[in-house]
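Structure at a glance
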Amino acid sequence: MIAFTQHNLGKLEELFAEFGYKVRYEKGSFRTGACVLQHTKVIMVNKFSNLEVRIQSLIQLLGDMEIDISLLDDKKKEFYKTIKKLGEPL
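These numbers come from a predicted model, not from an experiment.

**Side note on the pattern of salt bridges**
Taken as a whole and assessed by the stated rule, the structure comprises two salt bridges. Taking the shortest distance from any N to any O, the salt bridge between Glu 18 and Lys 76 comes out at 3.1 Å. Placement of Glu 18 in helix α1 (residues 6-18) and of Lys 76 in helix α3 (residues 74-87) is noted, with a sequence separation of 58 residues between them. Salt-bridge contacts for Arg 24 lead to Glu 26; the nearest nitrogen and oxygen are separated by 3.1 Å. Residue Arg 24 is classed as partly exposed on the basis of its relative accessible area, which comes to 34%. A residue is classified by how much of its surface remains accessible, and Glu 26, at 29% relative accessible area, is partly exposed.

**Digging into α1**
Look at α1: 18 Å from first C-alpha to last across 13 residues, which is about the 18 Å you get at 1.5 Å a residue. Within α1, burial applies to Asn 8, Leu 9, Gly 10, Leu 12, Leu 15 and Phe 16. Backbone geometry just after α1 places Gly 20 at a positive phi near 90 degrees.

**Looking at the packing of aromatic side chains**
Centre distance and the angle of the planes are the two values used to describe a pair of aromatic rings. According to the stated counting rule, one finds two aromatic pairs in the structure shown. Between Phe 16 and Tyr 21 the ring centres are 6.2 Å apart and the planes differ by 80 degrees, which places this aromatic pair in the edge-to-face class. Owing to a relative accessible area of 0%, Phe 16 belongs among the buried residues under this scheme. Of the residues examined, Tyr 21 reaches a relative accessible area of 17% and is grouped as buried.

What counts and what doesn't
Think of each chain on its own: its residues are numbered from 1, step by step along the sequence as written. Where totals are concerned, whole chains, interfaces and linings use all residues; where local detail is concerned, this predicted model gives features only for residues with pLDDT of at least 70, and gives and counts side-chain atom pairs only at 80 or more. Excluded from the side-chain calculation are hydrogens and water; included are all heavy atoms of the structure. Should a side-chain nitrogen of Lys or Arg be within 4 Å of a carboxyl oxygen of Asp or Glu, the pair is scored as a salt bridge. A run of H or I in DSSP counts as a helix once it spans at least four residues, and a run of E counts as a strand once it spans at least two, with each numbered from the N terminus. Here's how the labels work: a residue is buried when its accessible area is under 20% of the maximum for its type, exposed when over 50%, partly exposed in between, all with a 1.4 Å probe on protein chains only. Helix span, as expected, comes to 1.5 Å for every residue beyond the first. Aromatic contacts are taken between Phe, Tyr and Trp rings whose centres are within 6.5 Å, Trp giving its six-membered ring; a plane angle under 30 degrees counts as stacked, one over 60 as edge-to-face, and the others as tilted.

Encoded structure:
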């Protein structure tokens, strides 16, 4: 498990940026904490969500994506693997 801190949220945002995604915080009628806009590389996160919901939503999205981790440095690969394990069913 990772801690729900601003630092870890920043690390998640950096990870998405490495894969070419832009994370934006906007208001709207979200039913979930975050979503990927169709046919784009933009992730919308509900700006009214608390830190825990933001992190959990991004972890869930990352877990559902098929990503080429060869683009990452070793430190980010380890963080990605940790995140992937969190998204796996028990």
